[in-house]
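One-letter residues, chain by chain:
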Amino acid sequence: MAQSNIVDITLQNFQQVLLEGSKERLVIIDFWADWCEPCKQLMPVLERIASQYPEDITLAKINCDEQQELAMQFGVRSLPTVAFFKDGQPVDSFAGVKSETEIMTMLEPHLPSPADSFIQNAQQALAEGNAAEAYTQAKQAFDIDSSNMTAIKLLAEAAVDHGRLAQAKELAATIPMVEQDSDYQRIMSKIELAEDSADSPEIKALQAQVEEEPDNSELKIKLALQLHQSHRDEEAISLLFEVMRKDPARTEAKKYALDVINQLPDGDPLASKARRTLYSMMY
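These figures come from a predicted structure and were not determined experimentally. (Residues numbered from 1 in each chain as written. Predicted model: local features only at pLDDT ≥ 70, side-chain atom pairs only at ≥ 80, totals over all residues. Heavy atoms only, no water.)

With that settled, the discussion passes to helix H4 (residues 100-107). For H4, the complete set of buried residues consists of Ile-103, Met-104, Met-106 and Leu-107. Buried residues of H4, seen end-on, are gathered within an arc of 160° and therefore sit on one face of the element. Facing away from the buried side of H4 by more than 90 degrees, the exposed set consists of Thr-101 and Thr-105. In the core, the buried residues of H4 are packed alongside strand S2 (26-32), helix H2 (37-52), strand S3 (57-63), strand S4 (81-86) and strand S5 (89-95). (Buried < 20%, exposed > 50% of the residue type's maximum accessible area, 1.4 Å probe, protein only. Helix = DSSP H or I, 4+ residues; strand = E, 2+ residues; numbered from the N terminus. Arc of directions from axis to C-beta. Contact = heavy atoms within 4.5 Å.)

Okay, structure coming up:
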C-alpha cells in the first residue's frame, strides 16, 4: 500500500504538493530517472525517512524523463538531485547519493523539535491562566532542549505565575540581549510585580510575631500558610518542616506540608526535594 506522504509529481499536482503542501510540512523533492543507478540507491533511503515522519515530511518524486519541463524549471543538471522546500521556498539541496545520517543532519533544522508539542501546550496553558500546567509543560520542553529560547522564556513566565521567583530570575538572567524582546520585558515586569507583592502586611506582621516568639509553633504554621498563599512555597515548606522537627505533637504541620507539596506542579524540582526530606523525617 502506497504511503500517503510519498507522491509522484506532475505538472498537474506540482503546485498543490509543492507550493501549498510545503506550508504545512517539509517537502523533499527527489529528481530521478529509471536509468540512473545512484537514484535507485538513494530512493529507498528517502522513502525510509519519509515513513518515519508521516506528519512532518512529504516525499515528492519527479521522474525527469517523464517530467522534463519540471526538471528544466528547477535547473536540474545531474541525477539524483534532492531539494528541500518549506513555505514554498527552497531551504536546502544536495546532488548525488548521501547516507541516511547525512540527510537527517540536513533535515534536522527544518523538522519539528521534540520540545515543540510541550511548548505549544505551555503556551495554551498560560493563555488559559493555568500556571501549574504551563510550568509542567514548559519544564518538559526545557528538559528536552535547555538552549531553546522559547522554552526558557515560557518556563520563566510560568515560574513567575506559579510563585517560583528565584527560578524565574535565574532563567531570565540566561536570556541574551538579542533575545530580550517583548516576551522578555513582560517576564521582567511580572517578576518585579511579584516581588513587590510578595511581602503582604499579613506576612510582615506574622514574621515580626515569630521573631518575638520563636518557639510558638502555631504562629509558624500560620506564617507558613500565608507564605503558601503568596506562592512562597519553599519558605512555607521549610517552616513547616521546622515545626515538625521541634514540635512533633503539631501533626497539622505534616498535613499542611503534604498539602503544599501535592499542589506543586509536575516537574517542579522543589516537589522531589521536599518529598525526599519529608520521607527522611518520617522514616
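Having seen the model, we can carry on.
On the surface, a cluster of negative charge is made up of Asp-8, Asp-34, Asp-65 and Glu-66. As for its position among the elements, Asp-34 is in the loop between S2 and H2. (Patch = residues over 30% accessible without salt bridge, like charges linked within 9 Å, V, L, I, M, F, W, Y side chains within 5 Å. Areas by Shrake-Rupley, 256 points an atom, 1.4 Å probe, with all protein chains shown as cover. Salt bridge = Lys/Arg side-chain N within 4 Å of Asp/Glu carboxyl O. Lys, Arg positive; Asp, Glu negative; His and termini not counted. Charge placed at Lys NZ, Arg CZ, Asp CG, Glu CD.)

This part covers the state of the cysteines. A complete count under the given rule lists one disulfide for this structure. Paired by a disulfide, Cys-36 and Cys-39 hold their sulfur atoms 2.4 Å apart. The sign of the 80° torsion about the S-S bond sets the Cys-36-Cys-39 disulfide as right-handed. Like Cys-36, the residue Cys-39 is buried in the burial classification. In this structure Cys-64 is not part of a disulfide, and its nearest cysteine sulfur, from Cys-39, lies 7.5 Å away. (Disulfide = S-S within 2.5 Å.)

What follows is about the sheet that holds S4. If you walk across this open sheet you meet the five strands as S1-S3-S2-S4-S5, and the pairing is mixed. Each having just a single partner strand, strand S1 (6-8) and S5 make up the two edges of the open sheet. Pairs of neighbouring strands in the sheet enclose a mean axial angle of 20°, with direction left out of account. Bridge count between S2 and S4: five bridges; the pairing is antiparallel. Paired with Ile-28 across the bridge in S4 is Phe-84. Set on the sheet, H2 makes contact with S1, S2, S3, S4 and S5; between it and S3 the angle comes to about 155°. (Pairing = 2+ DSSP bridges. Axes fitted to C-alpha atoms, helices over the stretch in contact; angles between N-to-C directions.)

Just geometry here; none of it tells us what the structure is for.
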